[in-house]
Amino acid sequence: MYVGTLDSGRMAPESSSQNHVTGSPAPISGPTTACDILIIGGGPAGATAAISLAEKGYRPVVLEKARHPRFHIGESLLPANLPLLQRLGVAEKVRAIGMEKWGAEFISHWDGRRQEFEFSQAWDKSLPLAYQVRRSEFDEILIRQATAKGALVIEGCRVRDVEFLEGSGRVRVHAEHDDGRLQSWEAAQIIDASGRDTFLGNRLGAKRRSKKHSSAAMYAHFTGARRDCGKREGNISVYWFDHGWFWFIPLADGTTSVGAVVWPHYMKSRKSSLREFFFETLALCPPLAERLSAATLSTEIEATGNYSYACDRSYGKNYLLIGDAYTFIDPVFSSGVMLAMQGGMTAADTIDACRRNPGGAPAELRRFDKLMRHGPKEFSWFIHRVTNPTMRELFLGPRNIWRMEEALLSLLAGDIFGRTPIWKSLRLFKAVYYAISAANLGRTLRAVRNRAANIRSEPERLTSA
Ligand SMILES: Cc1cc2nc3c(=O)[nH]c(=O)nc-3n(C[C@H](O)[C@H](O)[C@H](O)COP(=O)(O)OP(=O)(O)OC[C@H]3O[C@@H](n4cnc5c(N)ncnc54)[C@H](O)[C@@H]3O)c2cc1C
């Protein structure tokens, strides 16, 4: 299956039988170049896969439609990102652009209660810190490292089409440079890391919208927002309010990223301009509005439907799906970049293991699939309940009985792929959640019905992030 070569040279398009997954007529193709592994997208997932593969001796080609540095939302990292950054050799560079994030606070504006969590109190005390980053800077550090390690990164080059060649078992990828030139590649293996564009998931008809969760977001950057002092300055604040939740993410240069993640139903109720609606929404959360009272908007307001989805498969004969190209979950726990990078590393390990031992490939691929599902599944249980009053109570009044608080903090730190033994305590946490929910049945049923009504509406078409 994974018997690609590491050669790279010009070759004529071949005429073998092929499976063109778009369903459109013949793809528009340019001159074809052979390569070994081709990665679609140079965000955190694609860049991590590229660095990891290059370190193992492969020479992947990365096609990125944008040019770094480019804006991207998703600025809050988790402590579990740090060992990954260390392994990729970029920890120092990220430290230099990052705002230290030692914890997170959750605030209920209804009764003014707030709860601060410090990552140093998690089960594994060796992961006390994360960073808030400007994604333009962070993503550029990663992609430049991919080039430095030997990957061929081609920016301003959008993948337009893909064909699975049945005869040779290779994949032909058709792309367009931003000057209009067409170019094609023939690869032994492709990795889709195209983010929420979900290039391959769409082409394969593999993308499934979540029936359990749906949300939309509006966000912008501010200067002059009131920050906490000292070590708490860089903490993320999450404010619950009637229509969802807000983030307040302080960046290193004094800018603060503020966003509202709301029910699609609420987003659809918009009558005013996006800017007016964003400020009307901020006004619904007085403690956050107060922190922004002297602040100035420094960017346009962006909006995006960020409903959750997953592809029905994470791999095929000669492709892997990673990061948001495979699945997207609500960003309330800032898990996206960590899961994307973890996926990039796992993809590189999987390809390498399959090539070293082709006989073990089916088991390696099943393991890859399991790891790709693990993170989204663990976070989703909490995401689907985070706006529920029972969950709010547990977050606002945590108890460390049976080490439940430490286990929860480890999850919030993203420490879910290693050996930290949090699972028994997390199961107990869930049992407590169900017990409190049952004891307050009326409230629980109201919350369930309310949530079901809120996620039913389709998000309106919005400017993409
Ligand atoms: C509102 C919101 C808030 C978020 N907040 C956070 C947060 O605080 N913390 C966090 O960790 N995560 C957050 N996320 C999630 C996070 O942004 C993503 O999970 C993360 O960026 C995924 O990385 P990726 O590499 O898979 O995809 P991306 O970062 O999206 O990278 C994909 C790359 O592929 C390129 N591409 C796409 N299509 C093509 C094509 N056809 N050809 C060539 N290139 C292509 C794109 O230009 C892009 O550079 C948030 C998401 C949203 C929507």
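The structure we're discussing is the one just above.
Residues numbered from 1 in each chain as written. Predicted model: local features only at pLDDT ≥ 70, side-chain atom pairs only at ≥ 80, totals over all residues. Heavy atoms only, no water.

(A) Representation of helix H9 (residues 336–356) within the structure. Compared with the 30 Å implied by 1.5 Å per residue over 21 residues, the 30 Å span of H9 between its first and last C-alpha is a close match. Counting buried positions along H9 gives 17 out of 21 residues, so the element sits mostly inside the fold. (Helix = DSSP H or I, 4+ residues; strand = E, 2+ residues; numbered from the N terminus. Expected span 1.5 Å × (residues − 1). Buried < 20%, exposed > 50% of the residue type's maximum accessible area, 1.4 Å probe, protein only.)

(B) Highlighting the state of the cysteines. In total, this model carries 0 disulfides according to the counting rule given. Here Cys311 is not disulfide-linked; the sulfur of Cys354 is the nearest cysteine sulfur, at 19 Å. Summary of cysteine pairing: Cys354 is not part of a disulfide, and the nearest cysteine sulfur, belonging to Cys35, is at 18 Å. (Disulfide = S-S within 2.5 Å.)

(C) Main features of the side chain of His221. By the secondary structure assignment, His221 is in strand S14 (residues 216–223). Judged by its relative accessible area of 4%, His221 is buried. Side chain to side chain, His221 and Glu75 meet in a polar contact 2.7 Å long. Those residues in contact with His221 that lie beyond four places of it in its chain are Phe71, Glu75, Arg134, Leu251, Thr255, Thr256, Ser257, Thr296, Leu297, Ser298 and Thr299. (Polar contact = N/O pair within 3.5 Å; in protein donor to acceptor, adjacent residues only side chain to side chain. Contact = heavy atoms within 4.5 Å.)

(D) Up close: the pattern of salt bridges. As enumerated under the stated definition, the model contains 34 salt bridges in all. Put simply, Arg113 and Asp111 hold a salt bridge, and the shortest N to O gap is 3.7 Å. Since its relative accessible area comes to 37%, Arg113 is described here as partly exposed. Here Asp111 falls in the partly exposed class, since its relative accessible area comes to 44%. In this structure, Asp228 engages Arg232 in a salt bridge whose closest nitrogen and oxygen atoms are separated by 4.0 Å. The class for Asp228 is buried, based on a relative accessible area of 17%. By relative accessible area, which is 32% here, Arg232 ends up partly exposed. It is possible to trace a salt-bridge network through shared partners that takes in Glu105, Arg114, Glu116, Asp228, Arg232 and Arg291. (Salt bridge = Lys/Arg side-chain N within 4 Å of Asp/Glu carboxyl O.)

(E) Main features of the site of the ligand. Neighbouring the ligand are 36 residues; Glu64, His72, Ser76, Asp324 and Val337 lie closest to it. Within the contact set of the ligand, an oxygen atom lies 2.9 Å away from a backbone nitrogen or oxygen of Ala45. Contact between the ligand and Ile73: an oxygen atom at 3.0 Å from a main-chain N or O atom of the residue. Surface burial for the ligand is 96%, taken as the share of its 1000 Å² of free accessible area covered by protein chains. Among the elements of the structure, helix H1 (44–55), strand S4 (61–64), strand S10 (157–165) and H9 are those that each provide at least two residues to the shell around the ligand. Considering only residue class, the shell around the ligand consists of 14 nonpolar, 13 polar and 9 charged. (Near = heavy atom within 4 Å. Areas by Shrake-Rupley, 256 points an atom, 1.4 Å probe, with all protein chains shown as cover. Nonpolar A, V, L, I, M, F, W, Y, C, P; charged D, E, K, R; others polar.)

(F) Looking closely at the sheet that holds strand S23 (residues 327–328). Across the sheet, 3 strands lie side by side as S13-S20-S23; this open sheet has antiparallel pairing. Each edge of the open sheet is held by one strand with a lone partner, namely strand S13 (207–209) and S23. Alignment of strand S20 (residues 309–311) against S23, held across 2 bridges, turns out to be antiparallel. Following the sheet pairing, Tyr309 is matched in S23 by Phe328. (Pairing = 2+ DSSP bridges.)

(G) Broad picture of the environment of Met341. Positionally, Met341 belongs in helix H9. Take Met341: its relative accessible area is 0%, and that puts it in the buried class. Spatially, the C-alpha atoms of Met341 and Leu88 are 10.0 Å apart, while their sequence positions differ by 253 residues. Excluding residues within four positions of it along the chain, Met341 makes contact with Pro44, Thr48, Asn81, Leu84, Leu85, Leu88, Phe138 and Leu142.

(H) Structural detail: the packing of H9 against helix H10 (residues 361–383). Relative orientation of the contacting elements H9 and H10 amounts to 170°, with a least axis distance of 9 Å. Viewed along their axes, H9 and H10 adopt a mutual orientation that is roughly antiparallel. When H9 is examined against H10, the residues Met338, Leu339, Gly343, Thr346, Ala347, Thr350, Ala353 and Cys354 are found in contact with a partner set consisting of Ala361, Glu364, Leu365, Phe368, Leu371, Met372, Gly375, Pro376 and Phe379. Considering only residue class, the contact of H9 with H10 consists of 12 nonpolar, 4 polar and 1 charged. (Axes fitted to C-alpha atoms, helices over the stretch in contact; angles between N-to-C directions. Parallel < 35°, antiparallel > 145°, perpendicular 65-115°, else oblique.)

(I) Inspection of the nonpolar core at higher detail. Formed by 68 residues in total, the largest nonpolar core has its most connected members in Leu38, Leu63, Phe138 and Ile190. The biggest single contributor to this core is H9, with 8 residues. Those residues in contact with Leu63 that lie beyond four places of it in its chain are Leu38, Ile39, Ile40, Gly41, Gly42, Ile154, Cys157, Val159, Val173, Ala175 and Trp185. Judged by nonpolar contacts, the second largest core, of 45 residues, contains Ala104, Ile236, Met338 and Phe429. (Core = buried A, V, L, I, M, F, W, Y, C linked by side-chain atoms within 4.5 Å.)

(J) Looking closely at the environment of Arg275. Relative to the assigned elements, Arg275 resides in helix H7 (residues 274–283). With 27 residues separating them in the primary sequence, Arg275 and Glu302 have C-alpha atoms 8.9 Å apart. Once residues within four sequence positions are removed from consideration, Arg275 is found in contact with Leu297 and Ile301.

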